[in-house]
Each structure stands twice: as structure tokens, then as C-alpha cells.
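What follows is each chain in one-letter form.
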Amino acid sequence: MIEIRDKEKITVEDLIEIFAHSGIKRPVYDQARIKRMLDNANILYTAWDNAKLVGVLRGVSDMSYCTFVSDLAVLKSYQEQGVGTKLLSTLRKNQGKNISIVLISAVSASSFYSKVGFEQVENAFKKKRRY
């Protein structure tokens, strides 16, 4: 049974392991950057199968109006088993319905977000980062 935790600290190595084995594209070769990503997020939900970390939801929030989900990553061997859905629904339950949840989806994950109730928007803008 998958357990979602919101108070569990994880290491940079833990996060890199999830990124590297989930299919999400992140700068896993740059530990210092991953450390900053982990240290500066004020939202961190983790999914556990007993003692094994199997998924991560990381983001930033003002805890009042908007939460940006920076990463939703689940080990490939645990995908399509409801882990990502559990992470997102735990975030929604804990934050309530008065806080918008926004994210940028990889094209390959767009159908997942539609399936779990996210609305695709056309009025979003971004400036790309250099990897």
C-alpha cells in the first residue's frame, strides 16, 4: 500500500534517483542544482511503498492563492498505479479548493493531467531555461 507523506525529508540522492528512473527530464548530473531545487521548495510530498521512495511532488506555494507544481515524478515501475493521482489529491486535500494548482506538463503526460481533473489552458506563458 502506497503511503503519502508531507513531512518526510529526502536527500538529493533520493530525488535524483526518482528523477532518473521516472522518465522526467531534470538536470540529474548537477547535484548542486538539485540541492537548490529541494532546499527552496516549500511543497514536498513523497510516496512510499513501505521504506521505498517511489514518487515525489515538489513545488512552491504562497499557501493562499496559488501553488505551482514543479515536479511530479513516479518511478516507472510504479506508474499507472495511482501514485501520481494520490500525490496530487493529497496536495489538494491539504491545501483546500481556494488555492489554484498550476503546472507545466510534458507533452507525454498531458492526457494524465486531463484524466485527473486538470484543465488545459491557452493563456500561459514561459521563458525557457537553459538545461
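Residues numbered from 1 in each chain as written. Predicted model: local features only at pLDDT ≥ 70, side-chain atom pairs only at ≥ 80, totals over all residues. Heavy atoms only, no water.

> What exactly am I supposed to notice about unusual backbone geometry here?
One non-glycine residue with positive phi stands out, namely M63, at about 60°. When you line up the elements, M63 lands in the loop between β3 (52-61) and β4 (66-74). For E80, which is not glycine, the phi torsion reads 65° and is therefore positive. Within the secondary structure, E80 is located in the loop between β4 and α3 (83-95). Of the residues examined, E80 reaches a relative accessible area of 85% and is grouped as exposed. (Helix = DSSP H or I, 4+ residues; strand = E, 2+ residues; numbered from the N terminus. Buried < 20%, exposed > 50% of the residue type's maximum accessible area, 1.4 Å probe, protein only.)

> Looking at this structure, I do not really get the sheet that holds strand β5 (residues 100-103). What am I missing?
Note on sheets: strands pair through backbone hydrogen bonds, and any given pair is parallel or antiparallel. Overall, mixed pairing links the five strands, which are arranged β1-β2-β3-β4-β5 in an open sheet. Each of the sheet's edge strands pairs with one partner strand only, and the pair in question is β1 (2-5) and β5. Taking the axes of each pair of neighbouring strands and ignoring which way they run, one obtains an average angle of 25° across the sheet. In this structure, β3 lies alongside β4, joined through seven bridges in antiparallel fashion. Residue pairing for β4: G59 is matched across the bridge by V69. (Pairing = 2+ DSSP bridges. Axes fitted to C-alpha atoms, helices over the stretch in contact; angles between N-to-C directions.)

> Explain a nonpolar patch on the surface here, please?
On the surface, V60, F68, V102 and I104 cluster together into a nonpolar patch covering about 300 Å² of accessible area. With respect to the secondary-structure elements, V60 resides in strand β3. The partly exposed category is assigned to V60, whose relative accessible area is 37%. (Patch = residues over 30% accessible without salt bridge, like charges linked within 9 Å, V, L, I, M, F, W, Y side chains within 5 Å. Areas by Shrake-Rupley, 256 points an atom, 1.4 Å probe, with all protein chains shown as cover. Salt bridge = Lys/Arg side-chain N within 4 Å of Asp/Glu carboxyl O.)

> Quick question: what am I supposed to make of the UniProt feature "domain: N-acetyltransferase" (unreviewed entry) in the protein here?
In this structure's numbering, the residues bearing the UniProt feature "domain: N-acetyltransferase" (unreviewed entry) are residues 2-131. This span, residues 2-131, is 28% helix and 26% strand, and a straight line between its end C-alpha atoms measures 32 Å. (UniProt positions renumbered as here; feature names shortened; annotations may be inferred.)

> Explain the environment of R33 here, please?
By the secondary structure assignment, R33 is in helix α2 (residues 31-39). Considered as a pair, R33 and V12 are 21 residues apart in the sequence and their alpha carbons are 9.5 Å apart. When sequence neighbours within four positions are dropped, the list of residues in contact with R33 reads P27, R129, R130 and Y131. (Contact = heavy atoms within 4.5 Å.)

> Explain the packing of aromatic side chains here, please?
Two aromatic rings, taken as a pair, are described by how far apart their centres are and by the angle between their planes. One pass over the structure, following the stated rule, counts two aromatic pairs. Note on Y113 and F118: the rings are 5.6 Å apart at their centroids and 75° apart in plane angle, and the pair reads as edge-to-face. Among the residues examined, Y113 registers a relative accessible area of 11% and is labelled buried. Under the relative-accessibility criterion, F118 is labelled partly exposed at 21%. An aromatic cluster of three or more residues is present, and its members are F112, Y113 and F118. Geometry around F19 places R26 over its ring, the cationic atom sitting 6.0 Å from the centre. (Phe/Tyr/Trp six-rings, centres within 6.5 Å; stacked < 30°, edge-to-face > 60°. Lys NZ or Arg CZ within 6 Å of the ring centre and 35° of its normal.)

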